[in-house]
Amino acid sequence: MSRVTLTPAARDALRGDEVVFFDWHVTGLCCADAGEFSVRPLRRSRLPRRARELGPTGLVYAHPTAWVHLAELPVTIDCRPLWRWRRFTTDLLPDAGLRCCLGRPAHNPAHD
């Protein structure tokens, strides 16, 4: 099971019917697996049918391709308000998706 944790700020920022969703964005044409993650709040009713739960809380879901890469990683999700918007962030490295595709560590080793 994934080691995903939400900071108190991230939990407080979620509305009653929302979860955090890791989406997968394809960035390469020659390799179907090349891509990057994004994280955003999403109403449960808007979750894609193929979304997979990530972590024990029931508050984090991921696109199937993102789930494959994130399933065993330690990830902390935080929320930083930006004026009236909520900006969800992770402690993953900025190029974590590409690192996953190349078999390199996708998290900050200091996190362990």
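Everything below is about the structure shown above.
Bear in mind the structure is a predicted one, so any value in this text is a computation, not a measurement. (Residues numbered from 1 in each chain as written. Predicted model: local features only at pLDDT ≥ 70, side-chain atom pairs only at ≥ 80, totals over all residues. Heavy atoms only, no water.)

### Considerations on the nonpolar core
Most often, soluble globular proteins have nonpolar side chains that are buried together.
Moving on, step 1. Ranked by size, the top nonpolar core spans 22 residues in total, and within it Phe22, Leu70, Ile77 and Phe88 carry the most contacts.
Moving on, step 2. Contributions of two or more residues to this core are made by β1 (3–6), α1 (8–13), β2 (18–26), β3 (35–43), β5 (60–62), α2 (64–70) and β6 (74–82).
Moving on, step 3. When neighbours within four sequence positions are excluded, Ile77 is seen to be in contact with Val4, Thr5, Leu6, Thr7, Ala10, Val20, Phe22, Val60, Phe88, Thr89 and Thr90. (Core = buried A, V, L, I, M, F, W, Y, C linked by side-chain atoms within 4.5 Å. Buried < 20%, exposed > 50% of the residue type's maximum accessible area, 1.4 Å probe, protein only. Helix = DSSP H or I, 4+ residues; strand = E, 2+ residues; numbered from the N terminus. Contact = heavy atoms within 4.5 Å.)

### Considerations on the packing of aromatic side chains
When we look at a pair of aromatic rings, we describe it by the centre distance and by the angle of the planes.
Moving on, step 1. This structure, assessed with the given rule, holds one aromatic pair.
Moving on, step 2. Taking 6.4 Å as the distance between ring centres and 80 degrees as the angle between the ring planes, the aromatic pair formed by Trp83 and Trp85 counts as edge-to-face.
Moving on, step 3. Owing to a relative accessible area of 48%, Trp85 belongs among the partly exposed residues under this scheme.
Moving on, step 4. If you follow Arg52 out to its NZ or CZ, it ends over the ring of Trp67, 3.5 Å from the centre. (Phe/Tyr/Trp six-rings, centres within 6.5 Å; stacked < 30°, edge-to-face > 60°. Lys NZ or Arg CZ within 6 Å of the ring centre and 35° of its normal.)

### Comments concerning the pairing of β1
Moving on, step 1. Side chains of β1 alternate between two faces, with Val4 and Leu6 buried and Arg3 and Thr5 left unburied.
Moving on, step 2. Pairing between β1 and β6: four bridges, direction parallel. Each bridged residue has a counterpart across the sheet, and for Thr5 the counterpart in β6 is Thr76. (Pairing = 2+ DSSP bridges.)

### Focus: unusual backbone geometry
Moving on, step 1. The backbone phi angle of Trp83 is positive, close to 55 degrees, even though this residue is not glycine.
Moving on, step 2. With respect to the secondary-structure elements, Trp83 resides in the loop between β6 and β7 (85–90).

### Things to note about a nonpolar patch on the surface
Moving on, step 1. A contiguous nonpolar patch, built from Leu82, Trp83 and Trp85 and spanning about 440 Å² of accessible area, is present on the exposed surface.
Moving on, step 2. For Trp83, a relative accessible area of 76% translates into the label exposed. (Patch = residues over 30% accessible without salt bridge, like charges linked within 9 Å, V, L, I, M, F, W, Y side chains within 5 Å. Areas by Shrake-Rupley, 256 points an atom, 1.4 Å probe, with all protein chains shown as cover. Salt bridge = Lys/Arg side-chain N within 4 Å of Asp/Glu carboxyl O.)

### What about the sheet that holds β6?
Moving on, step 1. Reading across from one edge, β1-β6-β7 is the order of the three strands in this open sheet, with mixed pairing throughout. A single partner strand is all that each edge strand has here, and the edge strands are β1 and β7. Geometrically, the sheet is characterised by an average inter-axis angle of 25 degrees between neighbouring strands, direction not taken into account. (Axes fitted to C-alpha atoms, helices over the stretch in contact; angles between N-to-C directions.)

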